[in-house]
Amino acid sequence: MARAEDFFVQMLSKGDSIQVEQQGPADAIEPVIRQIAGDLLSWAAGRVREGGVAERLHADRIVVTVIPPVKVQAMTVWAAPVHVIAVNSGLIAFVYKLARAIAPHMVKLKPDDPPRPTESETAGRVATLVDWMSSVVATPRSGDWPVSATEKRWAANAAMAAELFVLSHELGHIVRGDAILDVDQVDASQLAPERPDQRPLDQEVGADVAGLFFTIESLTDRGLDPRAGMMGIEMFLLSAMLAEAVGAIRIDDTHQAAAERLSLIRHMIHEKYGEVAAKITKPADELGELMGRLGPMALVERDRRCAAIAQEMDRIFSDFPFRFPIRGDRQAEYALLKHVRDLLKDTPSVVLTAISGNLLGPAGYAELLSSASIDSLDENDRWRRHQLAHFLARNMPLDVRSALGVFGEGAVEWETPGAEP
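Quick caveat, the model's predicted, so the values are computed rather than measured. (Residues numbered from 1 in each chain as written. Predicted model: local features only at pLDDT ≥ 70, side-chain atom pairs only at ≥ 80, totals over all residues. Heavy atoms only, no water.)

### What to know about the sheet that holds strand β4 (residues 181–182)
- Taken together, 4 strands build an open sheet; the order of strands is β1-β3-β2-β4 and the sheet is mixed. The sheet is open, and its two borders are formed by β1 (62–67) and β4, each paired with just one other strand.
- As defined by bridge partners, strand β2 (residues 74–79) adjoins β4 across 2 bridges and the pair is classed as parallel. Residue pairing for β4: Val 77 is matched across the bridge by Leu 181.
- The strands touched by helix α2 (residues 29–47) within the sheet are β1 and β3 (82–88), with β1 carrying the most contacts at an inclination of about 155°.
- Along the sheet, helix α6 (residues 149–176) makes contact with β1, β2 and β3, crossing β3 at roughly 150°. (Pairing = 2+ DSSP bridges. Helix = DSSP H or I, 4+ residues; strand = E, 2+ residues; numbered from the N terminus. Contact = heavy atoms within 4.5 Å. Axes fitted to C-alpha atoms, helices over the stretch in contact; angles between N-to-C directions.)

See below:
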């Protein structure tokens, strides 16, 4: 009986937050990453002749994988006899969706294309993407908007070039012989997700410089446009700047801020390529000017939304008369759920923080049950708030429920928002 009671307490309270693999179009990320990595490694193996380094670059000595959303950009570990490069699927999805949002302002539209949104409208879309990144889900689950085939192609190319830079940076660590964690020498359960990626700052700077040259040179040697490489670097680091601004990426003593990284790369590309650099950076310059306007607008809009929705969530948890197990007005409950779901689409960080903050953990749940009668629970505001929060949480999509630490499906079906691949 005690085991059964424990089971129900665990099921009806808040457990540990876990991250799950992103669903839907993000499933296409891993094969794309593997293809980019394969092309990059083939190029590097043909260019690097130094014995020990060349040996490390053999295709069977490097494994590339995609990891669920965590608070890192990418990382490399040594798992004898291979290096494993892991890329954050949430961040890559964010880069693609951000590129998709701004694409109408970066391409020449055709007469039958959807009309170009205003910069204010685009800033609102960016605000939504940024807020999803700052939420406990740490990946953009927002729906999409109409875009043309030209815009999709631009967004895909920009995201792929950004991914090329991410992989080139990690390859830079391997080529340079930087400090790389040996997974056989540590207890992974004792590490925060960010820890394996921490090394001296000068090694991160060196990997950025190597990543720049690998990105540009690998494209040039394969007869592709090096301007796309610089565009991808700009796209990635501008995305990282927005993620840093809302705390989705942490800056610490071992990692430069994205703005500093971009400044260094721009300096190095002019130093390396001289007069040709202006041509290589021209599309990236245009992207930087656009994001220089859209980024601040998006952050202001996000702050405005968060303030308004925080008040609304406070009102909901203060006023809504939720009763369980004796059900109240089901029509009102599901109308409320639809309302919260609509708020979640644009401002998930506040909605999910409010839900999580009103959920009881197993200990608090069990203590409340043991200290009150069923009749008195009906009048207990803490109990009402928990039951309301649990009702809302268990009717969220799988990755949101998992991030909240609430399991078991509710009665409401969800569509799976996401970009077309």
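### Some remarks on the packing of helix α5 (residues 119–134) against helix α12 (residues 348–358)
- For the pair α5 and α12, interaxial distance at closest approach is 7 Å and the crossing angle is 30°. Here Asp 131, Trp 132 and Ser 134 of α5 come into contact with α12, specifically with Pro 348, Ser 349 and Val 350.
- The class makeup of the residues in the contact of α5 with α12 is 3 nonpolar, 2 polar and 1 charged. (Nonpolar A, V, L, I, M, F, W, Y, C, P; charged D, E, K, R; others polar.)

### A short note on the packing of aromatic side chains
- Inspection of the entire model under this criterion finds 6 aromatic pairs.
- Note on Trp 43 and Phe 214: the rings are 5.8 Å apart at their centroids and 65° apart in plane angle, and the pair reads as edge-to-face. Of this pair, Trp 43 sits in helix α2 while Phe 214 sits in helix α7 (residues 201–221), and the two are 171 residues apart along the sequence.
- Owing to a relative accessible area of 11%, Trp 43 belongs among the buried residues under this scheme. (Phe/Tyr/Trp six-rings, centres within 6.5 Å; stacked < 30°, edge-to-face > 60°. Buried < 20%, exposed > 50% of the residue type's maximum accessible area, 1.4 Å probe, protein only.)

### Here we look at the pattern of salt bridges
- By the definition in use, this model includes 20 salt bridges.
- The residue Arg 315 makes a salt bridge to Glu 312 at a minimum N-O spacing of 2.8 Å. Within this pair, Arg 315 and its partner Glu 312 are both found in helix α10 (residues 277–319), separated by 3 residues, close to a single helical turn.
- Under the relative-accessibility criterion, Arg 315 is labelled partly exposed at 41%.
- The closest approach of N and O atoms between Asp 381 and Arg 385, which form a salt bridge, is 3.0 Å. Here Arg 385 and Asp 381 lie together in helix α15 (residues 381–394), a separation of 4 residues that amounts to about one turn.
- Overlapping salt bridges, with partners in common, bring together Asp 131, Arg 302 and Asp 303 in one network. (Salt bridge = Lys/Arg side-chain N within 4 Å of Asp/Glu carboxyl O.)

### Quick look at the environment of Arg 34
- With respect to the helices, strands and loops of the structure, Arg 34 is situated in helix α2.
- Look at Arg 34 and you get partly exposed, because its relative accessible area is 41%.
- In sequence terms Arg 34 and Val 64 are 30 residues apart; their C-alpha atoms lie 6.4 Å from each other.
- In this structure Arg 34 touches Val 64 and Thr 65, once residues within four positions along its chain are discounted.
- Of the polar contacts made by the side chain of Arg 34, one reaches the backbone oxygen of Val 64; its length is 2.8 Å. (Polar contact = N/O pair within 3.5 Å; in protein donor to acceptor, adjacent residues only side chain to side chain.)

### Points about the nonpolar core
- Phe 94, Leu 98, Ile 102, Trp 154, Met 235 and Leu 287 are the most contacted members of the largest nonpolar core, which totals 57 residues.
- Of all the secondary structure elements, the ones that give two or more residues to this core are α4 (89–102), α5, α6, α7, α8 (226–245), α9 (258–273) and α10.
- Here the element with the most residues in this core is α8; it accounts for 10 residues.
- Ranked by size, the runner-up nonpolar core spans 30 residues in total, among them Met 313, Ile 316, Leu 344 and Ile 355. (Core = buried A, V, L, I, M, F, W, Y, C linked by side-chain atoms within 4.5 Å.)

### Thoughts on α7
- Look at α7: 30 Å from first C-alpha to last across 21 residues, which is about the 30 Å you get at 1.5 Å a residue.
- Counting buried positions along α7 yields 15 of 21 residues, so the element is predominantly enclosed.
- Gly 223 lies just past α7 and shows a positive phi near 75°. (Expected span 1.5 Å × (residues − 1).)

### A closer look at the pairing of β3
- Buried residues dominate β3, accounting for 6 of its 7 residues.
- Sheet topology places β1 next to β3; 6 bridges connect them, and they run parallel. Opposite Ile 62, over in β3, you have His 83 as the bridge partner.
- Counting the residues that bridge the hairpin from β2 to β3 gives 2 residues.

### Considerations on unusual backbone geometry
- With omega at 15°, the peptide bond leading from Ala 80 into Pro 81 counts as cis.
- Counting through the fold element by element, Pro 81 comes out in the loop between β2 and β3.
- Non-glycine residue Ala 138 carries a positive phi angle of around 60°.
- Of note, Ala 138 is situated in the loop between α5 and α6.

### Brief notes about the side chain of His 173
- Turning to its location among the elements, His 173 is positioned in helix α6.
- When its relative accessible area of 0% is taken as the criterion, His 173 is described as buried.
- At 3.1 Å, the side chain of His 173 forms a polar contact with the side chain of His 169.
- Those residues in contact with His 173 that lie beyond four places of it in its chain are Asp 178, Ile 180, Arg 199, Gln 203, Glu 204 and Ala 207.

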